[in-house]
Amino acid sequence: MKLTLRWLAEFVDLPTSDPAEIAAAFERLGHQVDGYQPLVADFERVVIGQVIAVAAHPNADRLRVCTVDAGDAAGVADIVCGAWNFEADAVVPVALPGARVGELAVVRRTIRTVVSNGMICSERELGLGDDHTGIMVLDADFPEAGERIGADFATLLDMPDVVFDLTITPNRPDCMSVLGLARELGALFRVEVRQPVVTVAEEPPVATTAISIADPVGCPRFVGRELRHVTVGSSPLWIRLRLRAAGIRPINNVVDASNYAMVELGHPTHAFDLDRLGDTVVVRRAAAGERLVTLDDQDRALHEVDMVVADADRPVAIAGVMGGAGTEIGDDSTRILIEAAYWDPPSILVTSRRLGLRSEASARFERGMDPNFCHVAADRVAQLLQQTAGAAVVANRIDVYPLPIDPVVVTLGSDDIERHLGISLGLDTAAELLRRLGCDVAPGDPLVVTVPTRRRDIERTIDLVEEVARLHGFDGIPDRVRTGRGGALPAEERNRRRLRRFMAGAGYYETAALSFIGASDLDALDLPDDDGRRNGIAVVNPLHDGQGVMRTTLLPGLIAAAASNVSHRIDDVALFETGLVFLPGPADLPEQPEHLGFIRVGTVGTDLATPGRPVDVRDATGLWEALAMAMGVTGAAVRQGEAPELHPGRSAEVLVDGDVIGVVGELHPTVADRAGLPGRVVIGEIAMAPLIADRPSWRLEPPSPFPPNIFDLAFEIERTTPVGDLLEAIAAGAGDLFESLRVFDVFTGGPVAAGRRSIAVRLTLRAPDHTLTDHELTPVRRHIVATVVAATGATLRGEV
Amino acid sequence: MEPPATLDQLVADASARIAASPSLGDLRGVEGELLGRGSTIADARAGLRDLGPDERRTMGRLVNQATAVVTEAITARRIELEREETAARLAGDAVDVTLPGRSMVPGTLHVIRQVMDEIVDIFVSLGYTVATGPEAETDWYNFTALNFKPDHPARAETDTLYLDYGDTAEGVLLRTHTSPMQARYMEQHQPPVHLVVPGRVFRRDPLDPTHSPVFHQIEGLAVDSDITFADLKGTLTHFAREFLGPDLTTKFLPHYFPFTEPSAEMHVLYRGAWLELLGCGMVHPAVFEHVGYEPKQVTGFAFGMGADRMAMVRHGVTDIRHLFDPDLRILMQYR
């Protein structure tokens, strides 16, 4: 919403003209000021002159030599002029040598042998409008100009001025006007607001248009004003300048009058050419199949929810949104019907959204106008057209108001203010504040407040509390700090942080990908059709196809992130992300488990002495093992996996207490190649819930003071038998004495049979309460071997 | 005989030889010559048995003294030489410590994460607790329970992302703010409530320097029997000072949100300019009614702020796209 200070001043005498103070006042009232700019003439020393004589130019057919009286000080000057829209006696703006017009410094110059002492200016040259078909002739717009020959032309204009640009919150449609904002400032500054008193001189005959409302819910009130003898043309400069300052392009005097009244008073109106409309107007919902060519020449299909203004047969306007081309005001229109209606806000919203048509009018109607103000708006347009288009206003305003809308009555008790605002403000003070807003307040406790119908945002007590707070000022409310009863992070949140810090400590950088993927992202992972991650939930209205599906996995985001770094010639990349993925579930909402994903390419451990070691699958499994330890998770395990996006021989499932909670490994080389990732790519995705769940705190086990027994065992197992199974069997066989073990040698070939491999393990056993003797260890060893053989089919190679 | 003179001379000579020994090997040779078999001292000691008792006693004392002096000198020299040799060995083992070390270079937490954690911690220190909620949300929690009218423009498909899921008429959407957790939490908990909700939110905005379809918010909610606008002002001013600096000036300007009333925006004077930091307000009675609280018995305030924006303000990020860029040259700066 843009408006000028001079326009505001027509309604309210502000105690300040400092734009910064006025902007601060708007903000205190809750109207965001996006900016304010001085509005000054883009010219200097341009004076009002009068053309005394016009003569032909001796050497140019299209130029004339004008003798101009520029006042007593400047005297008379000859000026060569190319415009033909004036004759002698015309009052014009004249720029003599020494004047500035826009960027141009005006000087005396010779035009085809004739000396020209300056220029007569057009609107466009002076930055006042788009018109450059001729020079400005001031007589019509400024009848007083002829009395002021030689005076500074700028003094005729509303300049200097200040333009404020405000954003009005959607609950305050009553502030989408100069009058509305004048009311706000008046209430804040405690000064009187001049209410618009619009009087029109009516002439016979009586209006004849028959207006009926078939859908009073959609249109509770419709006011019509008939005008005759309208001469369509350009608006006077003062109207055009104000509209331009308000950000609205002037069109012609009829459209401009409607727009002017809207900016000034808030209520949008619409003008129909009565000769093209006929004498019957029906306000109704559109029927199925009806169409209308709107003012923008679009042929639009109407819907049964749309409110329309129709003639006897067909719609002529989409109510409150856009008029129809068929009844548009043209240059030859003379009989006009001004519509000032109150439209049901939800209807307007639905229609304007459905059609993708948002206009100044629809923006106001969809938020809600004042139903009891329609007649003033209609009269204001009529009044303007009397002034600017020579219109005759036909007597007898038509006013169809089948569903009168009455003011709302709300109460406000003294405790309501104190309970919400924390201040004791007497009800007398509150009543005074509310009266300044135009409310009718009956004293008592509670106050009984009758709210003007323009204030659609006030429906219940809390709305009055807000108004009191706003006018009293938030600054008048003290600060108080009190604490709640918590004070610690919940365990899950604490563990989330622990997990992320572990990942960062392990050298991984946290990223934040968008939560969307495209279907092709899953193709790029070579996921089979029956993979669960193919069941992504589609976004109904995505911004583009690449964001058409909610992510079912974090991997596409991580792969893209790593690839982007590699493309920047960053070779060693380690990234992680935690976030929700989205999968269909049985409930009202999708399943939204929180996942940890990571990716690593390049090398680790590069230093002066050691060239970097390329990453491989054991960096993935090692990370998992370390993560599980860091999170204090017992029962973590790894087993061979077969995720389709992973290298088939380097793919692991990770488990907690026997449940698979994720996969880690190396990205399938085909997938990696496709993504532009070189070498082995370490990657993994793990469900976080089992890792971050609150768990009982651990109990200290005092370490045994007795020495350990450390010995080595070597087994031969099938190549396909997981070492993990072997290690598990060893631990199980050792029973309570088991302390730790370490694989120190894995080899094949040599003495080991084909298809088998040798695994050598160093085992540490220890008893809590005594030193182990060889005598008691012999059966333990035997039991370990037996357990391993039974579980894995291994053979003992020997005690190394 | 004049052995004392010989021994005196011997000790004097020995001290010089010992002191002049250049290495531990040399010193061992000298030690043998001075104290070993055939040395003057050894011979003198051996000759003691040929002496009479008085002479033996006198001579014995002298021999013992000489032995002690020589042994002490050798020990002292040995320690000195050992120290020198260690020093020489370690000198050869020196490494230029300004060469890059062998380290596990830690990664970073995302700056949005750091900011969210920090903001959450400020409120936790005020006795608030933390909850998170679903990102795919129902229309009810995202809009209706928060007093958005059925035709509120925020519900439009131009503003809100909807999911093809379920069979309810309203559909499932991507939450447009963290505020749905206000309703979810109040449904599950009785007052008093002191809650913050960090999380990811969505709007149908294309990625550009100032918009992202995905961004992050921190929601706050305090509900009790006697919470007023004064608590809102005091608490949020306290927060702003903890987060941006102790002398920060704040101002509260009226605003509009469907789920709070009165509503406000908190602005702060930060690095010389007023900056809108967050939206806030007193919980609208309609929200209490929707979650089964009695608006006559409780009041509360709520607030919401953009974590991305907070990170941008604090770290001079002028383009939000940098926050969603996985470029390590950016991520490495998040230390």
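Residues numbered from 1 in each chain as written. Chains lettered and ligands numbered in written order. Predicted model: local features only at pLDDT ≥ 70, side-chain atom pairs only at ≥ 80, totals over all residues. Heavy atoms only, no water.

A word on the side chain of Asn541 of chain A. Relative to the helices and strands, Asn541 of chain A resides in the loop between α15 (519–523) and β30 (549–550). One polar contact links the side chain of Asn541 of chain A to the main-chain carbonyl oxygen of Glu157 of chain B, over a distance of 2.6 Å. A distance of 2.9 Å separates a polar atom in the side chain of Asn541 of chain A from the backbone nitrogen of Tyr162 of chain B. Look past the residues within four positions of Asn541 of chain A in its chain and what remains in contact with it is Glu157, Thr160, Leu161, Tyr162 and Arg204 of chain B. (Helix = DSSP H or I, 4+ residues; strand = E, 2+ residues; numbered from the N terminus. Polar contact = N/O pair within 3.5 Å; in protein donor to acceptor, adjacent residues only side chain to side chain. Contact = heavy atoms within 4.5 Å.)

Turning next to the pattern of salt bridges. Residue and element names in this part refer to chain A. All told, the structure shown has 72 salt bridges over all chains when counted by the stated rule. As a salt-bridge pair, Arg380 and Glu264 come within 2.5 Å of each other at their nearest N and O atoms. With Arg380 in helix α10 (residues 374–389) and Glu264 in helix α6 (residues 253–265), the pair connects residues that are 116 residues apart, well separated along the chain. Across this residue pair, the class does not change: Arg380 and Glu264 are buried. Put simply, Glu360 and Arg364 hold a salt bridge, and the shortest N to O gap is 2.7 Å. With Glu360 and Arg364 both in helix α9 (residues 360–367), this residue pair falls four residues apart, about one helical turn. One salt-bridge network, in which partners are shared between bridges, spans Arg172, Asp174, Glu184, Arg455, Asp457, Glu467 and Arg470. (Salt bridge = Lys/Arg side-chain N within 4 Å of Asp/Glu carboxyl O. Buried < 20%, exposed > 50% of the residue type's maximum accessible area, 1.4 Å probe, protein only.)

A separate point is the confidence of the model for chain B. The share of residues in chain B with pLDDT of 70 or more is 99%, and the mean pLDDT across the chain is 92. In the model output, the complex is listed with pTM 0.87 alongside ipTM 0.88. (pLDDT = per-residue confidence, 0-100.)

Residues and elements named next belong to chain A. By the secondary structure assignment, Thr411 is in strand β25 (residues 408–412). In this structure the C-alpha to C-alpha distance between Thr411 and Leu464, which are 53 residues apart in sequence, comes to 8.3 Å. With residues up to four places along the chain from it excluded, the contact list for Thr411 reads Pro446, Leu447, Val448, Thr461 and Leu464.

Before going further, it helps to spend a moment on the nonpolar core. Ranked by internal contacts, the top residues of the largest apolar core, which has 217 residues, are Phe222, Trp343 and Leu677 of chain A together with Phe123 and Phe239 of chain B. Look past the residues within four positions of Trp343 of chain A in its chain and what remains in contact with it is Gly218, Cys219, Phe222, Val283, Met307, Val309, Ala319, Gly320, Ile348 and Phe365 of chain A. In this structure, Ala574, Ala620, Met631 and Val682 of chain A belong to the second largest nonpolar core, which totals 30 residues. (Core = buried A, V, L, I, M, F, W, Y, C linked by side-chain atoms within 4.5 Å.)

Here we come to the domain arrangement of chain A. Domain boundaries assigned for chain A yield domain 1 (2–40 + 160–189), domain 2 (43–156), domain 3 (202–400), domain 4 (408–476), domain 5 (491–692) and domain 6 (709–799). Taking only C-alpha atoms into account, the centre of domain 3 of chain A sits 36 Å from that of domain 4 of chain A. (Domains from an automatic or database assignment.)

Moving on, we get to the packing of aromatic side chains. Given two aromatic rings, one states the distance between the centres and the angle between the planes to describe the pair. Scanning the model with the defined rule gives 18 aromatic pairs over all chains in all. Centroid distance Phe516 of chain A to Phe202 of chain B: 6.0 Å. Interplanar angle 65°. Geometry classified as edge-to-face. Of this pair, Phe516 of chain A sits in strand β29 (residues 516–517) while Phe202 of chain B sits in strand β5 (residues 193–202), on two different chains. Among the residues examined, Phe516 of chain A registers a relative accessible area of 8% and is labelled buried. (Phe/Tyr/Trp six-rings, centres within 6.5 Å; stacked < 30°, edge-to-face > 60°.)

On to empty space enclosed by the protein. Inspection of every chain in the model, using the stated rule, returns one cavity of 30 Å³ or more. If you trace the largest cavity, you find 13 residues lining it, with Thr169, Asn171, Arg172 and Arg470 of chain A together with His255 of chain B closest to the centre. Among the elements of the structure, α13 (461–472) of chain A together with β7 (249–257) of chain B are those that each provide at least two residues to the lining of the largest cavity. Grouping the amino acids of the lining of the largest cavity by side-chain chemistry returns three nonpolar, five polar and five charged. (1 Å grid on protein atoms, 1.4 Å probe; cavity = no way out; pocket = protein on both sides within 12 Å on 5 of 7 lines; lining within 4 Å. Points joined across faces, edges and corners; volume = space filled by probe spheres on them. Nonpolar A, V, L, I, M, F, W, Y, C, P; charged D, E, K, R; others polar.)

On to the sheet that holds strand β16 (residues 280–285) of chain A, then. Residues and elements named next belong to chain A. Within the open sheet, the five strands sit side by side as β13-β16-β19-β20-β21. Their pairing is mixed. The open sheet has two edge strands, β13 (210–213) and β21 (322–323), and neither has a second partner. Pairing between β13 and β16: four bridges, direction parallel. Looking across to β16, one finds that Ser212 is bridged to Val282. (Pairing = 2+ DSSP bridges.)

Attention now goes to the sheet that holds strand β42 (residues 795–798) of chain A. Residues and elements named next belong to chain A. If you walk across this open sheet you meet the four strands as β40-β41-β39-β42, and the pairing is antiparallel. Every interior strand has two partners, whereas the edge strands, β40 (738–747) and β42, have only one. Sheet twist, expressed as the average angle between the axes of neighbouring strands with direction ignored, equals 35°. Where strand β39 (residues 709–718) and β42 come together, three bridges link them in antiparallel fashion. What sits directly across from Glu716, in β42, is Thr795. Contacts between helix α21 (residues 774–792) and the sheet are confined to β39, β41 (756–765) and β42, with β39 contributing the most and set at about 20° to the helix. (Axes fitted to C-alpha atoms, helices over the stretch in contact; angles between N-to-C directions.)

Contacts between the two partners involve 92 residues from chain B, matched on the other side by 90 residues from chain A. Among the residues of chain B in contact with chain A, Tyr165, Pro254 and Leu328 of chain B are the three that bury the most area, contributing 9% of the side total. Joining chain B to chain A, the criterion identifies ten salt bridges. Salt-bridge contacts for Asp117 of chain B lead to Arg497 of chain A; the nearest nitrogen and oxygen are separated by 3.5 Å. Taken together, the connections running from chain B to chain A amount to 38 residue pairs in polar contact (both at pLDDT 80 or more). Among the elements that line the side of chain B that touches chain A, the one with the most residues is helix α8 (residues 229–244) of chain B, at eight residues. (Buried area = accessible area lost by both parts, 1.4 Å probe.)

What follows is about the packing of α6 of chain A against α10 of chain A. A pair of packed helices is captured by two measures, namely the crossing angle of their axes and the spacing between those axes. Residue and element names in this part refer to chain A. Look at α6 against α10: their axes get within 9 Å of each other, and the N-to-C directions meet at 135°. Considered as vectors, α6 and α10 are oriented oblique to each other. For the pair α6 and α10, the sense of crossing is right-handed. Two secondary-structure elements touch here, α6 through Asn253, Val254, Ala257, Ser258, Tyr260, Ala261, Glu264 and Leu265 and α10 through Val376, Arg380, Val381, Leu384, Leu385, Thr388 and Ala389. Considering only residue class, the contact of α6 with α10 consists of ten nonpolar, three polar and two charged. (Parallel < 35°, antiparallel > 145°, perpendicular 65-115°, else oblique. Left-handed = near helix turned anticlockwise from the far one by under 90°.)

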